[in-house]
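Coordinates in review
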Amino acid sequence: MIAGAGPVGLFLACELRLAGLSVLVLEQADNPRSPLKRIPFGMRGLSVPTIEAFYRRGLLRDIAMPQRPKADADSGNASKVGQGAQQLRRQAGHFAGIPFDYDKIDTSKWQYRLPSPADTNMAAEMENIESALTARASAMGVEIRRGLGVGDFDQSDEEVTIRAGGETFRGRWLVGCDGGRSTVRKTGGFEVIGTDPEFTGYSVQVEMADPEKLGSGRIYTPTGMYFQSQPGTIAMVEFDGGAFHRSQPITLEHIQVVLRRISCTDVTLTGLHLATTWTDRAYQATAYRKGRVLLAGDAAHIHSPLGGQGLNLGFGDAMNLGWKLAASIRGEAPVGLLDSYSSERHPVGAQVLDWSRAQVALMRPSGHSRALEAIIRDVIDTRDGATYFAERVWGVSFRYDLGGSHPLVGRSAPDFELVDGTKLGELLGNGKGLFLDFDGSTPLQALASRWNGRITYVANDVKDRLGLSALLVRPDGVVAWAGVANPSQEEAARAASRWFGEAES
């Protein structure tokens, strides 16, 4: 059972159905559609790991949308650096609004990346993401019940019992994907630790009598920051300790007062179409599992939406958890496999929270922050600096600490192209592990056959071996073992047992 039919809950449901499990999703909201999920507020930047996950599961075409010009994207990449003949720089992303450019990024440092449909970052509408995932989940047989939020629940050694809207549901496991105010997290007694908010953030769509008074792009002022992606579509932050967030109704008069104070202008608003608030509070559950209850997405970690890390972090949780939970339910999991969900994903969440806090530190309206910002701008304008920030923002440098003797272990598998034109990513659509043997070695084929049904064995050469001769890939696309010339069968067998359980005799 999954609480929450947002993108993370839906993607996890698809992962579990891929393994043949029965899945029930309970969602409090009756209607999944919201104006705030549409352009411009609904645009989300997808990281490389997220795009790879969608690609490997055959979802990328459904979720992708035609790219808008960078100057229109609500991603922090729209700051203008000149007028007239001076052109916009080819901005590839940002850190606290400080852009880094494609032209400065040294991709030669990413020696284990190969051309792939998931080779660059991408923006997509939140509504489009949810629609595609809902359609996929429904087609796969996931039961989605809307208007039924989880009220409370209890668990035994064998099952979890949920009470929702006067109905009772029983299942073997419950995963809370019900957002930052997660009922599952609170009812389950999960401990959370973190830092309190410093600001109230606003995302608004307004009409203005004098739009020329506001600048375009991201503007820092002595009292805060605002970002105008197109006339009347504004995000802004006021460092008030988060005092206004969900404390009272958002009115046109209030938005005008705050915008004037932050922009240091006397701009006049004549209409308010959409408005929401958010903060930079950063909290994380100390553990992602208690008995038969697990957390994923914003239920497990809460932080500001700066840079769009939250959605990508949640998709990473779902991709990591799905196959492990499925193997546990099917009785195929080795000891400790499900515990590795928390041990692998918790450090990733902690890093993202710190990344968010660091951006807030640069945004504070103080002389100290402006001085630090100037230094970061100098660093990010260098080749090494732009490459570092691209690695972090895009997720290219992502790696789990799995041990192993090869630097690829724990990283996303390169999208090898087989000599017949098939790509590695296309071989992961069944949700199983993959043993890719470039030489077609008989001993390795015999080894892989001992995990028949859990690992797909493919013997085929590839166009660029990257110095390898064989590769074992987990269902989530992470390299579990990499073999070079004369690969060790013992190492391969240990890696397979670690992730796929006992071999057949």
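Please refer to the structure higher up on the page.
First things first, this report covers the structure right here in the doc. All of these numbers come straight from a predicted model, not from anything done at the bench.

**Details of the sheet that holds strand β25 (residues 479-483)**
In spatial order, the strands read β23-β22-β24-β25; together these four strands make up an open sheet with mixed pairing. This sheet does not close on itself; its edge strands, each paired only once, are β23 (455-459) and β25. The mean angle between the axes of side-by-side strands here comes to 10 degrees, regardless of whether they run parallel or antiparallel. Summarising the sheet, strand β22 (residues 433-437) and strand β24 (residues 470-473) pair through four bridges and their orientation is antiparallel. Pairing of D437 across the sheet is with A470, part of β24. Contacts between helix α11 (residues 442-449) and the sheet are confined to β22, β23 and β24, with β22 contributing the most and set at about 170 degrees to the helix.

**Quick notes on unusual backbone geometry**
Here L466, not a glycine, exhibits a phi torsion of approximately 55 degrees, which is positive. Looking at where L466 falls in the secondary structure, it is placed in the loop between β23 and β24. Phi at N486 is positive, roughly 50 degrees, even though this residue is not glycine. By the element assignment, N486 lies in the loop between β25 and α12 (489-500).

**Observations regarding α12**
Its 12 residues give α12 an end-to-end C-alpha distance of 16 Å, which sits within 8% of 16 Å, the value for a rise of 1.5 Å per residue. Just past α12, the residue G501 takes up positive phi, approximately 85 degrees.

Rules used in this analysis
- Residues numbered from 1 in each chain as written.
- Predicted model: local features only at pLDDT ≥ 70, side-chain atom pairs only at ≥ 80, totals over all residues.
- Heavy atoms only, no water.
- Pairing = 2+ DSSP bridges.
- Helix = DSSP H or I, 4+ residues; strand = E, 2+ residues; numbered from the N terminus.
- Axes fitted to C-alpha atoms, helices over the stretch in contact; angles between N-to-C directions.
- Contact = heavy atoms within 4.5 Å.
- Expected span 1.5 Å × (residues − 1).

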